[in-house]
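Okay, here's what each chain looks like letter by letter:
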Amino acid sequence: MKLEGKNRTYITFFVISMACAFDTSCVAAMVALNQNVQDEFTISYTKATWGLTSYAITFAGFIAFFGRLGDIAGNHYLFPLSALTFSICSLLCATVPNFEAFAVFRALQGIAGAGIVPSSYALIPVLFEDQEVAAKFLSVLSIVFAAFFGIGFILGGAFAMSSDGYKGLFYLVFAVMLVIFVSSYWLILPLGKEIKTEEQTWSEKRRLMKLLDYPGSFLFIAGSIFIVVGLTEGGESWKKPVAYVCFVVGIVLLAVFFLYNVFFSTFLNLLEWCKLTKIHRYMSTRQILIPGQVMNLSNFWPCMITCFLNYCCFLSNFYIINQYSLFEESNSPIIAAIKLVPVVVGLVLANSVSLFTPRCITPKRGIIIGFVIMAGAAIILVQLKEVETDLFWKLFFVTGFMCGFGSGLYFPYMLRITVGEAPMEYKGITSGVMQTFGQFGSEVTFSVLASILGELTGTKADIKSRFQNTTYFVIATSALGLLISVIFLREPKKVVHDEITNDNKGSSSEYSVSEDDDFINYAKADSKV
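The rules behind these values
Residues numbered from 1 in each chain as written. Predicted model: local features only at pLDDT ≥ 70, side-chain atom pairs only at ≥ 80, totals over all residues. Heavy atoms only, no water. Helix = DSSP H or I, 4+ residues; strand = E, 2+ residues; numbered from the N terminus. Buried < 20%, exposed > 50% of the residue type's maximum accessible area, 1.4 Å probe, protein only. Polar contact = N/O pair within 3.5 Å; in protein donor to acceptor, adjacent residues only side chain to side chain. Contact = heavy atoms within 4.5 Å. Axes fitted to C-alpha atoms, helices over the stretch in contact; angles between N-to-C directions. Parallel < 35°, antiparallel > 145°, perpendicular 65-115°, else oblique. Left-handed = near helix turned anticlockwise from the far one by under 90°. Nonpolar A, V, L, I, M, F, W, Y, C, P; charged D, E, K, R; others polar. Core = buried A, V, L, I, M, F, W, Y, C linked by side-chain atoms within 4.5 Å. Salt bridge = Lys/Arg side-chain N within 4 Å of Asp/Glu carboxyl O.

Caption draft 1: Highlighting the side chain of S485. Along the polypeptide, S485 turns up in helix 21 (residues 460-488). By relative accessible area, S485 is classed as buried at 0%. Reaching out from S485, the side chain makes a polar contact with the backbone oxygen of G481 at a distance of 2.8 Å. With residues near it in sequence (within four places) discarded, S485 still touches T306, K364, I367, I368 and F371.

Right, here's the structure in full:
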């Protein structure tokens, strides 16, 4: 039976959201399955964490590059290819006999995930042409991410207690991603007709892909990988050269990358002045990874930083509840995972607010309120040392729900003022950059908290004291995120223009607003921004 109209659109959205769902749930489940991997391969705890880190390294390093590649070649091609690669790597992760091969295929799985996420976000505005409708479904996609992040922990806890262990998880993900790939032939590929780049021939696309800024992409990917490796090794000890050298090199490479993108035209002029004709001719034809149209978005820089801080605050709260339940209270993996349900409920409810009441608050106010709620949760969590019994009901239930709600409120509004405001041909790279810095937040969080907690040996009082110290990190990240949001974020021009127009309509009923008046209002809005 042929699918037509809305039914086809909704089923296509379901396929896209399920790809994102099983990508993120696989990541979350592996946190709960880390002990199972350690036992299966008979390796140390530190080495087992590379099953997590190898995915994070490639995901963070390649997501921006694939965002740009999808904008050129077509996200309707990138999505199914990434789903197929993810499926095959999942099967191989479940069947390889040694940990080294397992870590390699997890890294390849991270590359595939880096193709799924930005292409999914970029396909939503294509699937729903109306911007308001697209914004609602971006919120729905955020709800899916939030829900399956929590479901992933529960899945991981369940598989950890089964005879299949981590293998059962990867067999499940293999089957689901394979179905998504097959269904993409009828649902995703036809979306190419609606994409501007589809008007280009494949020879033109290949020419544009050859013109991608590979030197700049190398700087970004290498910098991302060095930082993630440094943070991972730093979780064990910052005294090791591999930790601090990799981290510093990564920071330098990323700094050079951003300076290179910001001052690209100056760089070309310098090459011309130095009479380096061949290099100038080569570089002047490059399509830089993060174009000026993206970096010049009014909220690009503050959203990039606050996305990093939001991940730090949310995941630190998540991690503290889970690890405290496992090590201090000696709960089973499934019970420790179930204790995270309030966090997931908060995430889903917050995303529902932006979905069903999109005009209730403006994007900037939504982001600020989100950080205020997270800061409140952090203040409550600091009371950890004062509570002796029934910690879940007295502390974790409230802080988990509040932190989940605040973080969930942040993301849909952040997407509206970044991906929503970006030109159609740059939505993939905009989403990719935000996701990259979110992943940096994840790695920084796990590294910092692991450094504070140590090996979790000693008396219960000593372990609880170390968990207490981790709560200060939650306060610092939420407070800094709130400060940056208040000072540097700007409302989108359309929101400011609508507010001014509504004020003018309300203050005068004797005349209608002419086209000239609209132009003046827009100019005032632009000035206000």
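That was the structure; now back to the text.
Caption draft 2: View of helix 2 (residues 34-41). Those residues of helix 2 lying buried are N34, N36, V37, Q38 and F41. Just downstream of helix 2 lies T42, where phi reads positive at about 55°.

Caption draft 3: Fine view of the packing of helix 18 (residues 363-381) against helix 21. Running from N to C, helix 18 and helix 21 point in directions that differ by 160°, and their axes come no closer than 9 Å. Taken as axis vectors, helix 18 and helix 21 run roughly antiparallel relative to one another. Judged by the sense of rotation from one axis to the other, the crossing of helix 18 with helix 21 is left-handed. Contact residues: helix 18 offers K364, I367, I368, F371, V372, M374, A375, A378, I379 and L381, while helix 21 offers T471, V474, I475, T477, S478, G481, L482, S485 and V486. For the contact of helix 18 with helix 21, the class distribution of residues is 13 nonpolar, five polar and one charged.

Caption draft 4: Fine view of the environment of T471. As for its placement among the helices and strands, T471 is situated in helix 21. Taking the C-alpha atoms as reference points, T471 and I379, 92 residues apart in sequence, are found 8.5 Å from one another. For T471, the residues in contact, after removing those within four places along its chain, are I320, L381, V382 and L384. Here the side chain of T471 touches Q468 through a polar contact of 2.5 Å, landing on its backbone oxygen.

Caption draft 5: Structural context of the nonpolar core. Judged by nonpolar contacts, the single largest core of 145 residues is most densely connected at F79, F102, I180, I290, F300, F396 and M414. With 14 residues, helix 15 (residues 300-328) is the largest single contributor of residues to this core. Excluding anything up to four places from it in sequence, F79 contacts V15, I16, A19, I116, S119, S120, L123, I180, S184 and I188. Grouped together as the second largest cluster of nonpolar side chains are six residues, Y260, F264, L268 and I288 included.

Caption draft 6: Geometry of the pattern of salt bridges. Using the criterion set out here, one finds three salt bridges in the structure. Across the salt bridge formed by E40 and K167, the nearest N and O atoms sit 3.8 Å from each other. Residue E40 is found in helix 2, and its partner K167 is found in helix 8 (residues 166-187); the two are separated by 127 residues along the sequence. Overall, K167 belongs to the partly exposed group, its relative accessible area being 28%.

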